[in-house]
Amino acid sequence: MTAAVYDRRIYFHRGYFPTVNRSAANPAVVGDRRNRWLNIFAWFTCIMTLFLICSGGMVTSKGVGLAVPDWPTTFGYNMFLFPVSKWVGGILFEHIHRLIASAVGFLTIILAIWLWCSEPRKWVRNLGVIALGLVILQGVLGGLRVTMLKDEIGIFHACLGQGFLGLLVVIALVTTKFWRSLSNVVVVPKKIASITKPAIAISLAIYAQLALGATMRHQHRDLAILDFPTANGAWIPNTSATALARINAWRDARGLSDVDAFQIWLQMAHRFVAFIIAGAVVAFSLRVWRDAQGVPALKRLSILWVALVACQLTLGAWTIWSNKAADVATAHVAVGAIMLSFGVSISATSWRILRAQTSGRSTSIFQAKGMVVS
């Protein structure tokens with residue numbers, strides 16, 4: 001017996017070859033590996049998008065959105081060939097924002113193609129196509145903001161970026177094993193319905209709050225109210241002509257921009273909505289712990305949501321006390337985006353459970369009546 005044959009028998013005896021063959025021949029194992037890598041890539045795209053939002057927040061907070069006056073070139077250079085030696089001052093922040101945006105665009109293209117080629121669920125493939133359309137629109141809006149010098153475009157650009165992140169979070173979530181396992185969760189449909197609707201409503205309120213914040217930031221002015229928790233020394237600000245004249249005289253003496261009643265009440269609306277959202281998230285968490293005890297994931301997410309709210313309120317106050325310091329304001333934007341992502345995750349998770357419960361209930365009714373269910 002030759003040494004080669006002898007070695008081969010030893011490998012078979014010890015189970016090496018059968019182990020390899022079982023993995024390679026089992027489509028379920030191969031499919032799980034592909035799904036796992038797809039899911040990892042989707043979450044990576046979400047993280048890069050969060051970095052992009054933070055980068056955009058830093059650009060706006062520092063007021064350097066027009067540090068690079070041309071687009072899609074950078075001072076006449078191809079964006080990707082712009083010399084590193086020229087990355088100075090505001091150009092550094094704006095140019096890095098463009099590079100991160102380009103990276104997110106490429107990642108989204110890959111994600112959409114990957115979903116289209118490997119995802120059996122049509123609606124998930126369609127989400128990838130929608131994400132691709134949104135990232136293209138987002139890039140165009142970013143360029144138009146530079147070329148047309150319109151703050152309104154900047155506001156829409158910021159809001160679309162937050163919505164795009166929310167969509168990517170949904171894509172990443174629905175490509176997990178966790179999403180598939182939710183169909184087996186047993187919860188009273190009425191109780192999970194009492195969680196799903198508030199989760200969606202709070203998430204929409206957070207999105208509206210982010211839009212208010214974007215409107216305030218893209219005015220490119222100093223804070224309309226410089227104290228907290230009071231507002232210009234009062235709990236309810238006085239915006240009469242006499243009061244505004246006195247406030248602006250005080251601000252002029254300190255080299256700050258003048259404000260009008262709209263700007264003051266816009267900031268007050270941002271404060272009011274923040275406290276409404278905070279109360280709603282705390283109440284929601286208590287409801288989850290009462291009505292969804294069989295869903296540990298929802299309980300954990302709701303607790304983290306409350307912690308994010310506390311952090312966000314602190315950063316909001318710190319933003320005012322620091323007179324809108326760029327790093328603090330950017331952190332405020334980042335936590336707001338993460339709060340929205342948690343809201344989307346909680347809403348999608350509870351909706352999935354509710355849908356599984358209601359469809360399972362309908363199936364049971366059909367079966368009880370002797371009807372065939374396909």
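Note that the coordinates shown come from a computational prediction; the quantities given were computed from them, not determined experimentally.

## Quick word on the packing of helix α10 (residues 261-291) against helix α11 (residues 296-321)
Inference 1: Relative orientation of the contacting elements α10 and α11 amounts to 160 degrees, with a least axis distance of 9 Å. Classified by the angle their axes make, α10 and α11 are roughly antiparallel. Here α10 runs over α11; the crossing is left-handed. Packed against α10, whose contacting residues are Gln267, Arg271, Ala274, Ala278, Val281, Val282, Phe284, Ser285, Val288 and Trp289, the element α11 presents Leu298, Lys299, Ser302, Ile303, Trp305, Val306, Val309, Leu313 and Ile320 at the interface.
Inference 2: A class-by-class count of the residues in the contact of α10 with α11 yields 14 nonpolar, three polar and two charged.

## Remarks on α11
Inference 1: Here α11 contains 26 residues, and its C-alpha end-to-end distance of 38 Å stays within 8% of the 38 Å for a straight helix at 1.5 Å per residue.
Inference 2: In the segment just after α11, Asn323 is the residue with positive phi, at about 55 degrees.

## A closer look at the side chain of Asn39
Inference 1: You can see Asn39 is positioned in helix α3 (residues 27-62).
Inference 2: Residue contacts for Asn39: discarding those within four places in its chain leaves Ala172, Thr175 and Thr176.

## Focus on the environment of Leu256
Inference 1: Structurally, Leu256 is set in the loop between α9 (241-252) and α10.
Inference 2: Separated by 34 residues in the primary sequence, Leu256 and Asp222 place their C-alpha atoms 6.5 Å from one another.
Inference 3: Discounting residues that sit within four places of it in the chain, Leu256 has contacts with Asp222, Leu226, Trp250, Arg251 and Asn323.

## What about the pattern of salt bridges?
It is possible for side chains of opposite charge to pair when their charged atoms get near one another.
Inference 1: Scanning the entire structure with this criterion turns up four salt bridges.
Inference 2: Of the charged contacts in the structure, one is a salt bridge between Arg145 and Asp151, with a shortest N-O distance of 3.0 Å.
Inference 3: Residue classification places Arg145 among the buried positions, given a relative accessible area of 15%.

## Brief notes about the side chain of His270
Inference 1: Among the secondary structure elements, His270 is positioned in helix α10.
Inference 2: With sequence-adjacent residues up to four places away left out, His270 is seen in contact with Gln209, Leu212, Gly213, Met216 and His332.

## Comments concerning unusual backbone geometry
Inference 1: Cis geometry is found at the peptide bond from Trp71 to Pro72, where omega equals 5 degrees.
Inference 2: Among the secondary structure elements, Pro72 is positioned in the loop between α3 and α4 (89-118).
Inference 3: At the junction of Phe228 and Pro229, the peptide bond is cis and its omega measures out at 10 degrees in the coordinates.
Inference 4: Its location among the elements puts Pro229 in the loop between α8 (189-217) and α9.
Inference 5: Even without being glycine, Asn232 reaches a positive phi, approximately 55 degrees.

## Regarding the packing of aromatic side chains
Inference 1: Tallied over the full model, the rule gives five aromatic pairs.
Inference 2: Measuring from ring centre to ring centre gives 6.0 Å for Phe75 and Phe82, while their planes differ by 20 degrees; the resulting arrangement is stacked.
Inference 3: We classify Phe75 as partly exposed; its relative accessible area is 38%.
Inference 4: Taking the relative accessible area as the measure of exposure, Phe82 reaches 4% and is therefore buried.
Inference 5: Put simply, the rings of Phe75, Tyr77 and Phe82 touch in pairs and so form one group of aromatic residues.
Inference 6: One Lys or Arg, Arg125, reaches over the ring of Trp116 and ends 5.2 Å from the middle of that ring.
Inference 7: Over the face of the ring belonging to Trp289 we find Lys299, whose NZ or CZ atom lies 4.3 Å from the ring centre.

## What to know about α9
Inference 1: Under the 1.5 Å per step criterion, the end-to-end length of α9 is 16 Å for 12 residues, consistent within 8% with the ideal 16 Å.
Inference 2: Looking at the packing, one finds that the buried side of α9 touches α10.

## Some words on a positive patch on the surface
Inference 1: On the surface, Arg33, Arg36, Lys177 and Arg180 cluster together into a positively charged patch.
Inference 2: Residue position: Arg36 is located in helix α3.
Inference 3: Among the residues examined, Arg36 registers a relative accessible area of 44% and is labelled partly exposed.

## Here we look at the packing of α8 against α10
Between two packed helices, both the angle of their axes relative to each other and the distance between the axes serve to describe the pair.
Inference 1: Look at α8 against α10: their axes get within 10 Å of each other, and the N-to-C directions meet at 160 degrees. One element, α8, and the other, α10, form an angle in the roughly antiparallel class. The way α8 lies across α10 gives a crossing that is left-handed.
Inference 2: A breakdown of the residues in the contact of α8 with α10 according to their chemical character gives 17 nonpolar, six polar and three charged.

Calculation notes
- Throughout this description, residue numbers start from 1 for each chain and increase along the sequence as written.
- Totals for whole chains, interfaces and linings use every residue, but because this is a predicted model, local features are given only for residues with pLDDT of at least 70 and side-chain atom pairs only at 80 or more, for both listing and counting.
- Values reported for side chains reflect all heavy atoms of the structure, with hydrogen atoms and water molecules removed beforehand.
- Note on method: axes are straight lines fitted to C-alpha atoms, helices fitted across the in-contact stretch only, with angles between N-to-C directions ranging 0 to 180 degrees.
- To qualify as a helix, a DSSP run of H or I must reach at least 4 residues; to qualify as a strand, a run of E must reach at least 2; elements of each kind are numbered from the N terminus.
- Reported orientations rely on four angle classes, namely roughly parallel under 35 degrees, roughly antiparallel over 145, roughly perpendicular from 65 to 115, and oblique for the rest.
- Should the near helix be turned anticlockwise from the far one by less than a right angle, the crossing is left-handed, and should it be turned clockwise, the crossing is right-handed.
- Note on contacts: a residue pair is in contact if any heavy atoms of the two residues lie within 4.5 Å.
- Gly is placed with the polar residues, together with every amino acid not listed as nonpolar (Ala, Val, Leu, Ile, Met, Phe, Trp, Tyr, Cys and Pro) or charged (Asp, Glu, Lys and Arg).
- One less than the residue count of a helix, multiplied by 1.5 Å, gives the span that helix is expected to have.
- In the sections that follow, a salt bridge refers to a side-chain nitrogen of Lys or Arg positioned within 4 Å of a carboxyl oxygen of Asp or Glu.
- Each residue gets one of three labels from its accessible area relative to the maximum for its type: buried under 20%, exposed over 50%, partly exposed in between, using a 1.4 Å probe on protein chains only.
- Each Phe, Tyr or Trp ring (for Trp, its six-membered ring) is paired with any other whose centre lies within 6.5 Å, and the angle between the two planes then decides the class: stacked below 30 degrees, edge-to-face above 60, tilted in between.
- The criterion is that NZ of a Lys, or CZ of an Arg, lies within 6 Å of the ring centre and within 35 degrees of the ring normal, and then a charge sits over that ring.
- In this scheme, patches are assembled from residues that exceed 30% relative accessible area and form no salt bridge. Like charges are connected within 9 Å, while nonpolar side chains (Val, Leu, Ile, Met, Phe, Trp, Tyr) are connected within 5 Å.
- To be clear on the numbers: accessible area is Shrake-Rupley with a 1.4 Å probe, and residue cover counts the displayed protein chains and nothing else.
- The charged-residue count follows a simple rule in which Lys and Arg add positive charge and Asp and Glu add negative charge, with His and chain termini not counted at all.
- To locate a charge, take atom NZ for lysine, CZ for arginine, CG for aspartate or CD for glutamate.

In short, geometric facts, not functional conclusions.
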